[in-house]
Amino acid sequence: PDTSNVEFQTSKGRFTVQAVPAWAPLGADRFYTLATNGFYDDNKFFRVLPDFVVQFGINGAPAVTEVWNTRTISDDPVTQSNLEGYVTFAMGGPNTRTTQVFINTRDNSRLDAMGFAPFGRVTSGMNVVHMLYGGYGEGPPAGIGPSQDMIATEGNRYLNRFYPRLDSIARASVVQD
């Protein structure tokens, strides 16, 4: 579709992301595919860095994460800036995007030159995004927050045991305009 809207029902309320393929076609398509297949359901917001980003997209079930971990997509050109509310795939280098996305919680336009291509934006509920629990901080080795490797191998079991205050996505649904 020209655009798609995904409503996230979270432990703090609802927010909606509008994906715009014209901005970043590969990213928007992957996001739509993941949302329509229930990938983001029962996921945690595992990296919440106030005044920077809210990150999610490691599935709570390790078997699901394992299937998607090697399904990378190529980079999209950066056509939009990483402004507050804009949604972008996380990456660990060129052509490494898989399932993790982040929502910019401020103007992070400095990320543009690093190749982070926004594919959509939060169109309602940005106040909910700002309320998500951010007390654990950055993950290792820079901080004491959740380890992405441990989330990938142990899923929500690990997060619930060691990071019980993390907020979660109950369901992400594609909704009609």
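Treat the numbers as computed from the prediction; the structure is a model and nothing was measured. (Residues numbered from 1 in each chain as written. Predicted model: local features only at pLDDT ≥ 70, side-chain atom pairs only at ≥ 80, totals over all residues. Heavy atoms only, no water.)

Asker: In this structure, what is going on with the overall build of the protein? I would like to understand it.
Answerer: Broken down by element type, the protein carries five helices and nine strands. When the elements of the protein are put in sequence order from the N terminus, they spell out β-β-α-β-β-β-α-β-β-β-α-α-α-β. Rg of the C-alpha trace for the protein: 15 Å, near the compact-globule value of 16 Å for 177 residues, within the 12% margin. Along the first, second and third principal axes, the C-alpha atoms of the protein reach 40 × 30 × 30 Å. Each of the 177 residues in the protein was classed as buried or not, and the buried ones make up 51%. (Helix = DSSP H or I, 4+ residues; strand = E, 2+ residues; numbered from the N terminus. Rg over C-alpha atoms; globule rule 2.2 N^0.38 Å. Buried < 20%, exposed > 50% of the residue type's maximum accessible area, 1.4 Å probe, protein only.)

Asker: Just checking my understanding: could you explain the pairing of strand β2 (residues 13–19) for this structure?
Answerer: Regular strands place side chains that alternate from one sheet face to the opposite one. Burial of β2 is extensive: five of the seven residues sit out of reach of the surface. Pairing of strand β1 (residues 4–10) with β2, which is carried by seven bridges, proceeds in the antiparallel orientation. Among the inter-strand pairings, Phe8 is bridged to a residue of β2, identified as Phe15. The turn joining β1 and β2, which pair antiparallel and follow one another in sequence, is formed by two residues. Bridging between β2 and strand β8 (residues 118–124) involves four bridges; their strand directions are antiparallel. Across the sheet, the residue bridging to Gln18 is Arg121, located in β8. (Pairing = 2+ DSSP bridges.)

Asker: Got a minute to help me understand the nonpolar core in this structure?
Answerer: A general trend in soluble globular proteins is that nonpolar side chains are found buried together. Of all hydrophobic cores here, the largest spans 30 residues; its most connected members are Phe8, Phe15, Phe31, Tyr40 and Phe119. With four residues, the single largest contributor to this core is helix α1 (residues 25–36). Setting aside its immediate chain neighbours within four residues, Tyr40 contacts Phe8, Phe31, Leu34, Ala35, Phe56, Gly57, Phe89, Thr99, Val101, Ile169 and Ala172. In terms of nonpolar packing, the next biggest core, distinct from the first, is built from nine residues, Tyr133, Tyr136, Tyr158 and Leu159 among them. (Core = buried A, V, L, I, M, F, W, Y, C linked by side-chain atoms within 4.5 Å. Contact = heavy atoms within 4.5 Å.)

Asker: Got a minute to help me understand the environment of Thr88 in this structure?
Answerer: Checked against the element boundaries, Thr88 lands in strand β6 (residues 86–89). A relative accessible area of 0% places Thr88 in the buried class. Considering only alpha carbons, one finds Thr88 and Ala117, 29 residues apart in sequence, at a separation of 5.9 Å. Setting aside anything within four residues of it in sequence, one finds Thr88 in contact with Asn82, Gln100, Val101, Phe102, Asn104, Phe116, Ala117, Pro118 and Phe119. Separated by 2.7 Å, the side chains of Thr88 and Asn82 make a polar contact. (Polar contact = N/O pair within 3.5 Å; in protein donor to acceptor, adjacent residues only side chain to side chain.)

Asker: It is not clear to me how the sheet that holds β2 should be interpreted in this structure. Could you clarify?
Answerer: Hydrogen bonds along the backbone pair up the strands of a sheet, which may run parallel or antiparallel. Ordered by their spatial adjacency, nine strands build an open sheet running β3-β9-β1-β2-β8-β6-β7-β5-β4, and the pairing between neighbours is antiparallel. Edge positions in the sheet fall to β3 (43–44) and β4 (47–49), since each has one partner strand and no second.

Read these as layout, nothing more, since geometry by itself doesn't imply function.
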